[in-house]
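# Architecture and fold: a report
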Amino acid sequence: MTTRVANSPRERLIRWFFFACAAVSVLTTLGIILALVGDAARFFRVTGTTLMGIAPEQTVTFTQFFLGETWAPAIRPVQFGVLPLIAGTLTVMVGSALVALPLGLATAIYLSEYASSSVRSVLKPLLEVLAGVPTVVYGIFALIYITPALKTFIPQLGTFNALSASLMVGIMIIPMVSSISEDAMSAVPDSLRQAGYGLGATKFDVSTGIVIPAAISGIASSFILALSRAIGETMIVVVAAGATPKLVNPLLPNAYLESIQTMTAAMIQLGVGDIAAQGPAYRSLFAIGLTLFVITLAMNFVSNLIAQHYRESYE
């Protein structure tokens, strides 16, 4: 009976529909990767001059791209050093992490361990609304309201600066941290909590000493996924952080007072700018995109390793 139903035309149609949806997702990802690799290969000298037949002066060496300290694709002499863009991206990532990780984790602890079910049912959807706000709105809010407010405390803060952009990106990714972390904490069996209470531990002791260590794989995954989202954020940094490629140290406070440019913002500038469609400046857009893809892929790989290493299974 079950076999006949599973092989019925309706079930086969549903199965093929879901397979087609999954295949479209995979093929789309493969198409994006091939487009990035293909056009990025034309940008680099070691492949562009030998495989694509592009003139050497229209290509860039790996050393010039990955170790160059100046990004000036439209100003002669053109230079394609990606380090200032990576530094700007890491600056926003570090700044947003300082905002989102502690606030997101504290929110997750409250929702999982302290809030009643009725309070949680209201607060969690309200918090997740933040994730649905268009990012350009965050950017405009940072430029019009956050930066002037910060200037009252930090007069040397520029109109376009990394601090406001980092704050807004951090607020934007708080729901990702809190929601995934709260799900991981809620999956911890109550028997572990009751064992802690039985030993005389307080709620805070149980939360920090039992629940967080037990859910550490999910919490770590939420951190890395949120940081990957911060690295890929575009509109907030375009609007609030400006477009000044500068080699800054993300660990120094002064880096957050100036205008910077991230990798995504540079891609937007190249995509809408007045550059030759087949020139090295245009092809550098794909080289930046491929570099960004590799960075986020590496972070997701690390996230999976952490999750597998610390994963706990409960019966």
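These figures come from a predicted structure and were not determined experimentally. In every chain, residue numbers begin from 1 and rise along the written sequence. Given that the model is predicted, a residue must reach a pLDDT of at least 70 before its local features are reported, and side-chain atom pairs must reach 80 or more before they are shown or counted; all residues, however, enter totals for whole chains, interfaces and linings. Hydrogens are left out, water is left out, and the side-chain values use all remaining heavy atoms of the structure.

### Comments concerning the confidence of the model for the chain
The pLDDT value tells you how sure the predictor is about a given residue, anywhere from 0 up to 100. With 96% of its residues at a pLDDT of at least 70, the chain reaches an overall mean of 87. Strands are runs of DSSP state E lasting at least 2 residues, helices are runs of H or I lasting at least 4, and numbering of each runs from the N terminus. No element of the chain has a lower mean pLDDT than helix 1 (residues 2-6), at 64, and none a higher one than helix 5 (residues 83-114), at 93.

### Quick look at the nonpolar core
Buried Ala, Val, Leu, Ile, Met, Phe, Trp, Tyr and Cys residues form a nonpolar core when they are joined through side-chain atoms within 4.5 Å. The classification of residues rests on relative accessible area computed with a 1.4 Å probe and restricted to protein chains. Under 20% of the type maximum is buried, over 50% is exposed, and intermediate values are partly exposed. Phe43, Phe65, Trp71, Phe80, Leu85, Ile236 and Ile288 are the most contacted members of the largest nonpolar core, which has 53 residues in total. Ala108, Ala184, Met185 and Ala214 belong to the second-largest nonpolar core, a separate cluster that totals twelve residues.

### Overview of the pattern of salt bridges
Salt bridge, as used here, is a side-chain nitrogen of Lys or Arg placed within 4 Å of a carboxyl oxygen of Asp or Glu. Scanning the entire structure with this criterion turns up nine salt bridges. As a salt-bridge pair, Asp39 and Arg42 come within 3.7 Å of each other at their nearest N and O atoms. Here Arg42 and Asp39 lie together in helix 2 (residues 9-43), a separation of three residues that amounts to about one turn. Judged by relative accessible area, which is 19%, Asp39 ranks as buried.

### Comments concerning a nonpolar patch on the surface
In this analysis, a patch consists of residues with relative accessible area above 30% that form no salt bridge, clustered at 9 Å for like charges and at 5 Å for the nonpolar side chains Val, Leu, Ile, Met, Phe, Trp and Tyr. Method for areas: the Shrake-Rupley scheme with a 1.4 Å probe, in which residue coverage is limited to the protein chains shown. Taken together, the side chains of Tyr110, Tyr114, Val119, Val122, Leu123, Leu126 and Phe204 define a hydrophobic patch exposed on the protein surface, amounting to about 640 Å² of accessible area. Taken together, the elements giving at least two residues each to the nonpolar patch come down to helix 5 and helix 6 (117-128). For the nonpolar patch, the element with the most residues is helix 6, which contributes four residues. Relative to the elements of secondary structure, Val119 occurs in helix 6. A relative accessible area of 30% places Val119 in the partly exposed class.

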